Amino acid sequence: MSQAPTDLLTGLLTDLRAAIGADHVLTEPADLSTYGTDWRGAFRGTPLAVVRPASTNEVSQVVRLTHDAGVAIVPQGGNTGMCGGAVPSGDGDQIVLSLGRMRTIRDVDATGATITVDAGVVLVEVQAAAATAGRLFPLSLGSEGSCTIGGNIATNAGGTAVLRYGMMRNLVLGLEVVLPDGRVWDGLRSLRKDNTGYDLTQLFIGSEGTLGVVTGAVLALHPATPVRATAWVALPSVAAAADLLAVLRDRAGDRLSTWELVSRPARDLVVGQGVHDPLPSSAEWFGLIEIAGPAGSNVGDDLEAALGDGLAAGLVLEAVVAGSPAQRQGLWELRERITEAQETLGPTIKHDVSVPITALASLVSRLGPALQTALPGIRPIIFGHVGDGNLHYNLSRPVDLPGESFLARAADLSAIVHDCTAELAGSISAEHGLGSSKAASAAAYKSEVEVSVMRAVKDALDPSGLMNPGKVLTLE
Ligand code: FAD
Ligand code: MLT
Ligand code: ZN
């Protein structure tokens, strides 16, 4: 995008300060670099400024002013995204709009089982408010202490309870969105049924800030599940992990909340960081199972029966069941600490792929040799949401290869992972979205028809191309 003239930018900053207060229009280099970099330091940009509006009305004023000045906006929540979606370009010509001051829980309705929140509310705060009302908000991610509801909606976040409750799009009933020209769409409905034409709520979910700024949402709550049975298991193979899903479902039905896969290198990495290993097995694959139910339910019996079936069928080698909340927490750490632990190996080349669950074993058996041939000594750290057919096939550098040289190979290594995924009828982004890093790849794997319809939607809502440009769809 071309740089707007300096006097126009000065005028814009003056107008923004008048609209939301000078303290909330940041232009100091230290502030700009914090908001201009993602949590891993994998994506770096330079914001023209950072604006921090406190209400939907202020967001609307900001967007109208920037739109009229021809300046692009990059919405940002907790900045925990994996693919550069919340990071501005390096040209210093885009404004980061942080939702960090919009943190009000507007309403909790235990009877209607809904919660209405500002987009900047952090996920754990929604979970806690739901729990206080005796309900469950089931979205659960390793980043839940920092990521925001707006970011979860914009990325259509997944996490560790998708196989029971679905992705974020299954948990949103209504939205409030500031459109790219500053108009406010009030779609804050709490209806379970509404068939009045195109579903705009679902259109904005997963749009990664390219169609508008989400300012509020009505979310669906579920019955609380205070009784939990949790196990850590050693597995003979990835195929066994896929087969075990059917066994778990036969025994636990829809009380099965979590079925996560962890490879031995991923387990070893986390244990190397000091997390207790309750099952020091030499198996190549491990898994975390959780079955949850309402007070008085026998989820422990379901788990025991399922593990018995799994052991008898040779799908489980060994298992340990949490005997206390502290032990449960310990088992969860073996899974949730992987992302953070992998950063200690140097820069990570991340992949977030999904295939039909029956193709998972084939994906893993093909990718291992192909990647070792392409870059001997490469260290795949594989883990993910096996119940959803979603693996994080994340790559770390060979020990003697500098990080920079490793990252220089990102395109060809990712092509190996993505080609194989596509051959198995999979998706190159199961839950993290496309951001800037996967926009071009996604277009290459989609049909021309699909990409042109996506572009038509973008052009209809954002004809000036000022709402998070270059994310999801490449710049033409
Ligand atoms: P940001 O990173 O700030 O933004 C992400 C995208 O959303 C950007 O394109 C941004 O422009 C847009 N956006 C943000 N807020 C708004 C808004 N209000 N309106 C419009 N657009 C907006 N993700 C998963 O899906 N599953 C996981 O299991 C998972 N585990 C993770 C574990 C760790 C340790 C970490 C660090 C991340 C993990 N993530 C996971 C990725 C990330 O946390 C999610 O993508 C999350 O939904 C991003 O929320 P955020 O508020 O940080 O968004
Ligand atoms: C997770 O499931 O923990 C994250 O989505 C994975 C990642 O770090 O790639
Ligand atoms: Zn994940």
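Predicted model only: the values in this text are computed from it and were never measured.

Q: Run through helix H1 (residues 6-20), naming residues and quoting values.
A: Taking 1.5 Å per residue as the helical rise, H1 with its 15 residues ought to reach 21 Å, and the 21 Å between its terminal C-alpha atoms agrees with that figure. All of the buried residues along H1 are Leu 9, Leu 12, Leu 13, Leu 16, Ala 19 and Ile 20. The arc that holds every buried residue of H1, seen down its axis, measures 125°, which confines them to one face. Facing away from the buried side of H1 by over 90 degrees, the exposed positions are Asp 7 and Ala 18. Summarising the contacts, the buried residues of H1 are in contact with strand S1 (25-26), strand S2 (47-51), helix H3 (56-69) and strand S4 (94-98). Phi for Gly 21, located one or two positions after H1, is positive at around 100°.

Q: Go over the sheet that holds S1, please, and point to the residues and values.
A: Sheet architecture is open: four strands sit in the order S1-S2-S4-S3, paired in mixed fashion. Since the sheet does not close on itself, it has two edges, and those belong to S1 and strand S3 (72-76), each with one partner. Note that S3 and S4 share five bridges and pair parallel. In the strand pairing of S4, Val 74 is matched with Val 96.

Q: Could you give an account of the site of ligand 2, with specific residues and numbers?
A: In the region of ligand 2, the neighbouring residues are Met 82, Arg 335, Thr 339, Lys 350, Phe 383, His 385, His 392, Asn 394, Glu 431 and His 432. One of the side-chain N or O atoms of His 385 is found 3.1 Å from an oxygen atom in ligand 2. A distance of 3.2 Å separates an oxygen atom of ligand 2 from a polar atom in the side chain of Glu 431. Compared with its free state, where it exposes 280 Å², ligand 2 has 90% of that area covered by protein. Those elements giving two or more residues to the shell around ligand 2 turn out to be strand S17 (379-385) and strand S18 (390-396).

Q: Give a description of the pattern of salt bridges that names residues and reports values.
A: Taken as a whole and assessed by the stated rule, the structure comprises 19 salt bridges. One salt bridge connects Glu 333 with Arg 337, and the closest N-O pair in it is separated by 3.1 Å. Residue classification places Arg 337 among the partly exposed positions, given a relative accessible area of 26%. Overlapping salt bridges bring together Arg 106, Asp 118 and Glu 176 as one network.

Q: Before we move on, can you summarise the layout of surface pockets with the specific residues and values?
A: Looking at the second largest pocket, its volume works out to about 760 Å³. Along its surface, the second largest pocket is lined by 31 residues, and Gly 206, Leu 434, Lys 446, Met 454 and Val 472 are the ones closest to its centre. Every element with two or more residues in the lining of the second largest pocket is listed here: helix H7 (200-204), helix H16 (439-445) and helix H17 (448-461). With five residues, H17 is the single largest residue contributor to the lining of the second largest pocket. Class assignment for the residues of the lining of the second largest pocket results in 15 nonpolar, 10 polar and six charged.

Q: Residue-level account of the sheet that holds strand S12 (residues 227-235), with values.
A: Here seven strands make up an open sheet; going across it, the order is S15-S12-S14-S13-S17-S18-S16 and the pairing antiparallel. Looking at the sheet topology across the chains shown, the edges are occupied by strand S15 (318-321) and strand S16 (352-354). Sheet twist, expressed as the mean angle between neighbouring strand axes with direction ignored, is 20°. Against the sheet, helix H8 (residues 238-252) touches S12, strand S13 (256-263) and strand S14 (285-293), its axis set at about 165° to S13.

Q: So what's going on with the nonpolar core? Residues and values would help.
A: Membership of the largest hydrophobic core comes to 56 residues, with the highest contact counts inside it found for Phe 137, Ile 149, Leu 175 and Leu 219. If one sorts the elements of this core by residue count, H1 sits on top with six residues. Not counting chain neighbours up to four residues away, the residues in contact with Leu 219 comprise Ala 113, Thr 114, Ile 115, Val 117, Val 126, Phe 137, Ile 149, Met 168, Leu 171, Val 172 and Leu 173. In terms of nonpolar packing, the next biggest core, distinct from the first, is built from 47 residues, Ala 229, Val 233, Leu 248 and Leu 371 among them.

Q: Pulling in residues and values, what's your account of the site of ligand 1?
A: Taken together, 36 residues surround ligand 1, and among them Pro 75, Gly 77, Thr 80, Ser 143 and Thr 148 come closest. Gly 81 is positioned such that a nitrogen or oxygen atom in its backbone is 2.8 Å from an oxygen atom of ligand 1. Within the backbone of Gly 85, a nitrogen or oxygen atom sits 3.2 Å from an oxygen atom of ligand 1. When ligand 1 sits alone it has 970 Å² of accessible area, and the protein chains cover 94% of it. Elements supplying a minimum of two residues to the shell around ligand 1: S3, helix H5 (149-155) and strand S10 (213-220). With five residues, the top contributor of residues to the shell around ligand 1 is H5. Its residues assigned to classes, the shell around ligand 1 comprises 12 nonpolar, 22 polar and two charged.

How each quantity is defined
- Residues numbered from 1 in each chain as written.
- Chains lettered and ligands numbered in written order.
- Predicted model: local features only at pLDDT ≥ 70, side-chain atom pairs only at ≥ 80, totals over all residues.
- Heavy atoms only, no water.
- Helix = DSSP H or I, 4+ residues; strand = E, 2+ residues; numbered from the N terminus.
- Expected span 1.5 Å × (residues − 1).
- Buried < 20%, exposed > 50% of the residue type's maximum accessible area, 1.4 Å probe, protein only.
- Arc of directions from axis to C-beta.
- Contact = heavy atoms within 4.5 Å.
- Pairing = 2+ DSSP bridges.
- Near = heavy atom within 4 Å.
- Polar contact = N/O pair within 3.5 Å; in protein donor to acceptor, adjacent residues only side chain to side chain.
- Areas by Shrake-Rupley, 256 points an atom, 1.4 Å probe, with all protein chains shown as cover.
- Salt bridge = Lys/Arg side-chain N within 4 Å of Asp/Glu carboxyl O.
- 1 Å grid on protein atoms, 1.4 Å probe; cavity = no way out; pocket = protein on both sides within 12 Å on 5 of 7 lines; lining within 4 Å.
- Points joined across faces, edges and corners; volume = space filled by probe spheres on them.
- Nonpolar A, V, L, I, M, F, W, Y, C, P; charged D, E, K, R; others polar.
- Axes fitted to C-alpha atoms, helices over the stretch in contact; angles between N-to-C directions.
- Core = buried A, V, L, I, M, F, W, Y, C linked by side-chain atoms within 4.5 Å.

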